[in-house]
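Chains, contacts and geometry: an overview
Here are the chains, one letter per residue:
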Amino acid sequence: MIKQISVDERILSANDLAAAENRALLHQHSVHMVNVMAAPGSGKTCLLLAAIRGLKDQVRVGVIEGDIASDIDTVKMRQEGVPAVQINTGGGCHLDALQVRKALEQLPLDEIDLLFVENVGNLICPVGFDLGETTRMAIASIPEGDDKPLKYPSIFHKVDALVISKIDLLPYIAFDLPEYRRLVASIQPELRVFETSVVTGEGISAWVDWLRTLKA
Ligand SMILES: Nc1nc2c(ncn2[C@@H]2O[C@H](COP(=O)(O)OP(=O)(O)OP(=O)(O)O)[C@@H](O)[C@H]2O)c(=O)[nH]1
Ligand SMILES: [Mg+2]
């Protein structure tokens, strides 16, 4: 007899299966994972360092760093006293759930409330890969230009929050912030948006206050 397969049955890819297992593991340890996606040099590491300092004593932070090569960002995280694991993709333009699983096995999950994943700097590839995170966040910096929501709409569609970084550079760069925010709202009207600068400190506490609410 031929076995019938329901058309509603979803065939999960290897990544989706691993992501589901990661999510279950994190839930078991009460860890809230935030997948941070953005272009290279947008300010991911600087913002995560600011978050670690702002959350200190209240929220136990851990970090997974995704880079093509080097452990530069991981060293910075460890210098702040948080557990951090480096994944080098060796050329891959995004992290996948299996790589994250290996990193999770190296972290003291019972000592972490909020786990940031700094994904490989890229606006396209990371968007398609569920890592098992609970929250997805994009960072877009002023020097990248105000046309990015038009050119890379899917990242703005898929995230739970957007940080517009390097806001201190607005006086020096042609960037129409109200128009940019209108474009973002046209993609996802309810998207939570923060404007920050690690140079002046503007907007950091509002963003850190929101991060604090994510603690599992
Ligand atoms: N003016 C200004 N510069 C910033 C700000 N945040 C970061 N930078 C600078 O931007 C550069 C890149 O910052 P990083 O935090 O390393 O960026 P990143 O996204 O982690 O970079 P990759 O991990 O290499 O993709 C550094 O020279 C920072 O000093 C900001 O708010 N204002
Ligand atoms: Mg970085």
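1. Some thoughts on the pairing of strand E5 (residues 135-141)
Within E5, six of the seven residues are buried, leaving the element largely enclosed by the surrounding structure. Two strands pair when backbone bridges link them, and strand E1 (residues 32-38) and E5 are joined in this way by five bridges, in the parallel orientation. By the bridge assignment, Val34 is partnered in E5 with Thr135. In the sheet, E5 pairs with strand E6 (residues 161-165) via five bridges, with the strands oriented parallel.

2. Considering the sheet that holds E1
On the basis of which strands lie adjacent, the open sheet formed by seven strands has the order E3-E2-E4-E1-E5-E6-E7 and parallel pairing. The open sheet has two free edges, formed respectively by strand E3 (84-88) and strand E7 (192-195), since each of these has just one partner strand. Sheet twist, expressed as the mean angle between neighbouring strand axes with direction ignored, is 20 degrees. The pairing of E6 with E7 spans four bridges and is classified as parallel. Looking at E7, one finds that Val163 is bridged to Phe194. Set on the sheet, helix H2 (residues 44-55) makes contact with E1, strand E2 (61-67), strand E4 (114-118), E5 and E6; between it and E4 the angle comes to about 170 degrees.

3. Section: the pairing of E1
The element E1 is extensively covered by neighbouring structure, given that seven of its seven residues are classed as buried. With burial as the criterion, each face of E1 is covered, one bearing His32, Val34, Val36 and Ala38 and the other bearing Met33, Asn35 and Met37. Judged from the five bridges that link them, E1 and E4 form a sheet pairing that is parallel. Looking across to E4, one finds that Val34 is bridged to Phe116.

4. Details of the nonpolar core
Ranked by internal contacts, the top residues of the largest apolar core, which has 55 residues, are Phe116, Val117 and Ala138. Broken down by element, the residue count for this core peaks at five residues, all from E1.

5. Re the site of ligand 1
Around ligand 1 lies a shell of 17 residues, among which Gly43, Lys44, Thr45, Cys46 and Gly121 are the nearest. Residue contributions to the shell around ligand 1 peak at three residues, all from H2. Classifying every residue of the shell around ligand 1 by side-chain character gives six nonpolar, seven polar and four charged.

6. Concerning the environment of Asp168
With respect to the element layout, Asp168 can be found in the loop between E6 and helix H7 (177-187). What makes Asp168 partly exposed here is the crowd of 15 C-beta atoms within 10 Å. Along the sequence, Asp168 and Thr200 sit 32 residues apart, while their C-alpha atoms lie 6.9 Å from each other. Not counting residues within four places of it along the chain, the set of residues in contact with Asp168 comprises Ser197, Val199 and Thr200.

7. Observations regarding the environment of Asp130
By the element assignment, Asp130 lies in the loop between E4 and E5. Distance from Asp130 to Ala20, taken between C-alpha atoms, is 8.6 Å for residues 110 residues apart in sequence.

The rules behind each value
- Residues numbered from 1 in each chain as written.
- Chains lettered and ligands numbered in written order.
- Predicted model: local features only at pLDDT ≥ 70, side-chain atom pairs only at ≥ 80, totals over all residues.
- Buried ≥ 20, exposed ≤ 12 C-beta atoms within 10 Å, placed from the backbone.
- Helix = DSSP H or I, 4+ residues; strand = E, 2+ residues; numbered from the N terminus.
- Pairing = 2+ DSSP bridges.
- Axes fitted to C-alpha atoms, helices over the stretch in contact; angles between N-to-C directions.
- Contact = placed C-beta atoms within 7 Å.
- Core = buried A, V, L, I, M, F, W, Y, C linked by C-beta atoms within 7 Å.
- Near = placed C-beta within 6 Å.
- Nonpolar A, V, L, I, M, F, W, Y, C, P; charged D, E, K, R; others polar.

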